[in-house]
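Topology and contacts: notes
Chain by chain, the residues run as shown.
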Amino acid sequence: MAPRYHLREGIVVRRSELPSGDVVVTVLGLSGKWRGVARKGKLLGGNLARLSLFHEVSVQGYRKRDDDLLLITQVELSGALPALSQPALYPYAHLLAELAEHLAVDQAGERLYAYLASGLRGLVQHHDPEAVALVISWRLVQQAGLAPRLTHCARCGGGPCNRFDIAAGGLTCDRCASGLPIAEAAKAELLVMLTKAAREALNEPLLERPTHWALLSRYLAFHVGSLNSLGHLGAVTAWSPSS
Ligand SMILES: [Zn+2]
């Protein structure tokens, strides 16, 4: 079968270099995620550094069969945020990229891509990157249809709710009483992060951060899968994944 040529765009959310020097990337774009490989020394019109993590790229390539990786022949850089490689920002950027990659299935690609793109920009531009990471992480989860239930008990639909049950997927009422107790302040901030516009949520001080990281981390581990990036967050937050 003749090779099929493709033109693709998106953000590099995963990158690995093989012993051969070839680079394999996963890219999240408007139509979802796709994987490609750039052979060392065979990339025309671009070098492999253009396929770096968090770069926005425009790529040409071809596939020999439908299930093959895209063989990347050209790369153009559409956008880069070099500040994301700073130790204070990298763990957050890694979390957003890894989370978006895990959540990306065919349908949600466009919205996940939009949130990831604005989240990565926000990490660089906003004065409080930790808040950006928390808010955008929850928003990505929400875009994928996995948001926790916060207005009524996740088990019986009743209330009032003073506990958070990870497995049940949200707050639980005093009668069901499953999950861990959650303080009023943390509950209110969680509601802000998931129901207000992201911009508005970022104007809130978000004071209960160790609780939010612990909750987000456990929620993602249960509902999304284990993320390597969560293990590195202790370096930039007051919260340690093992605590
Ligand atoms: Zn209940």
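It should be noted that the structure appears before, not after, this text.
A brief structural summary.

Here's the deal with the overall build of the chain
When helices and strands are tallied, the chain shows six helices and eight strands. Reading the secondary structure of the chain in the N-to-C direction produces β-β-β-β-β-α-α-α-β-β-β-α-α-α. Since a compact globule built from 243 residues should have a radius of gyration of about 18 Å, the 20 Å found for the chain is in line with a globular shape. Across its three principal axes, the chain shows a C-alpha extent of roughly 65 × 40 × 30 Å. Buried positions account for 35% of the 243 residues belonging to the chain. Contacts spanning at least 24 positions in sequence make up 55% of the contacts within the chain whose residues lie at least 6 apart.

Observations concerning the sheet that holds strand β6 (residues 161-165)
The sheet built from three strands is open, its strands ordered β7-β6-β8 with antiparallel pairing. Looking at which strands have only one partner, the edges of the open sheet turn out to be β7 (170-173) and β8 (180-181). With four bridges connecting them, β6 and β7 associate as antiparallel partners. In the strand pairing of β7, aspartate 165 is matched with glycine 170.

What counts as what
Residues numbered from 1 in each chain as written. Predicted model: local features only at pLDDT ≥ 70, side-chain atom pairs only at ≥ 80, totals over all residues. Helix = DSSP H or I, 4+ residues; strand = E, 2+ residues; numbered from the N terminus. Rg over C-alpha atoms; globule rule 2.2 N^0.38 Å. Buried ≥ 20, exposed ≤ 12 C-beta atoms within 10 Å, placed from the backbone. Contact = placed C-beta atoms within 7 Å. Pairing = 2+ DSSP bridges.

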